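Now for the letters of each chain:
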Amino acid sequence: MFRVAFVAFAALFAPFALPARGDDANAVKETVVAGPGAVALKVRMEGPYTADVPLQVVCYFKYTAAGAKKMTGAPVELDKHLGGVIAALRERGEFAGDELETVLITPPEGAIKAKALLLVGLGEEGKLSLQLMERVGRVAAREAVRLGARKVAFAPLLRDQGNDTLKTGDVEAAVVRGALTAYDTERRLQKEGLGKGATIEEWWVEAGPAYYDETVAGVKQAAAGASELIKARNAAPYTSKGK
């Protein structure tokens, strides 16, 4: 059975939020929200190079020299930890960042805590939309299933690339909604023997201090919306074979 843990709570499941435990002074601030399909979503005040997960997902616009110069914060620090591999791939045109283009990197031992790093392209910055971010969420969830990752951390990195056209809460709502609905499809396929994949137990949504509360609100909204979409789906088997 395929289970996902996200930091979002569906209104359908009596939403609630839990703060990080106070017994560790260095504990990461965390809010947990339960979603549909035995999914637990986690909003964490953490960067993509410190998340201790099997799979870390980050997003990049289509490469331009001007875009590279205005990049700050988390993506810069992430690539420093990796010895510059992301910049090298982008500058050489080997990961251009075209829409929904992906590259999977196995980080050097001790470089970052994540065991694998998935880069997802966003395409041209001027074409960014919430519909695209929902598709990114679908891609990330399906790749997690394919790779057998039990915990996944996600960071869109839009603000760090100098883009503030979309509200952070709206972006996270779109991504999580896409991930949850894609996960539901994967889970149904597996139940019918039409798919394989490991159980995803947790999906972490990484957020900086300035956008933390907005991110939590967006994730709760996404979980509630995804629950309604899933409830409205056709429940009939996908195939008549073997029935």
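My aim in this report is to walk through the structure given alongside it, one point at a time. (Residues numbered from 1 in each chain as written. Predicted model: local features only at pLDDT ≥ 70, side-chain atom pairs only at ≥ 80, totals over all residues. Heavy atoms only, no water.)

Re the nonpolar core
Of all hydrophobic cores here, the largest spans 43 residues; its most connected members are Leu41, Leu55, Val57, Leu122, Val152, Phe154 and Trp203. Elements with a minimum of two residues in this core: β2 (39-44), β3 (55-60), β5 (116-121), α4 (130-147), β6 (151-155), α5 (168-191), β7 (202-206) and α6 (212-231). Sequence-distant contacts of Val152, that is, excluding residues within four places in its chain, are made with Leu55, Val57, Ala144, Ile200, Glu202, Trp203 and Trp204. (Core = buried A, V, L, I, M, F, W, Y, C linked by side-chain atoms within 4.5 Å. Buried < 20%, exposed > 50% of the residue type's maximum accessible area, 1.4 Å probe, protein only. Helix = DSSP H or I, 4+ residues; strand = E, 2+ residues; numbered from the N terminus. Contact = heavy atoms within 4.5 Å.)

Some details on the side chain of Thr185
Following the sequence through the fold, Thr185 ends up in helix α5. Filtering out sequence-adjacent residues up to four positions away, Thr185 remains in contact with Arg142, Arg233 and Tyr238.

Focus on the environment of Ile112
Here Ile112 is to be found in the loop between β4 (102-105) and β5. A relative accessible area of 8% means that Ile112 is categorised as buried. Residues Ile112 and Tyr49, spaced 63 residues apart in sequence, show a C-alpha to C-alpha distance of 4.9 Å. Leave out the neighbours within four places in its chain, and Ile112 touches Pro48, Tyr49, Leu78, His81, Leu82 and Pro107.

Let's talk about the sheet that holds strand β1 (residues 30-35)
Strand order across the open sheet formed by seven strands is β1-β2-β7-β6-β3-β5-β4, with mixed pairing between neighbours. One side of each edge strand has no neighbouring strand; the edge strands of this open sheet are β1 and β4. Neighbour-to-neighbour, the strand axes of the sheet open up by a mean angle of 20°, direction not taken into account. As defined by bridge partners, β4 adjoins β5 across four bridges and the pair is classed as antiparallel. Within β5, the residue paired with Val103 across the bridge is Leu119. Lying over the sheet, α6 contacts β1, β2 and β7, oriented at roughly 165° with respect to β2. (Pairing = 2+ DSSP bridges. Axes fitted to C-alpha atoms, helices over the stretch in contact; angles between N-to-C directions.)

Examining the pairing of β7
Of all five residues that make up β7, five are buried, and the element is covered over most of its length. Across the two faces of β7 the burial is the same, with Glu202, Trp204 and Glu206 and Trp203 and Val205 all buried. Two strands pair when backbone bridges link them, and β2 and β7 are joined in this way by four bridges, in the parallel orientation. By the bridge assignment for β7, Leu41 is matched with Trp203. Across four bridges, the pairing between β6 and β7 is parallel. For Phe154, the partnering residue across the bridge sits in β7 and is Val205.

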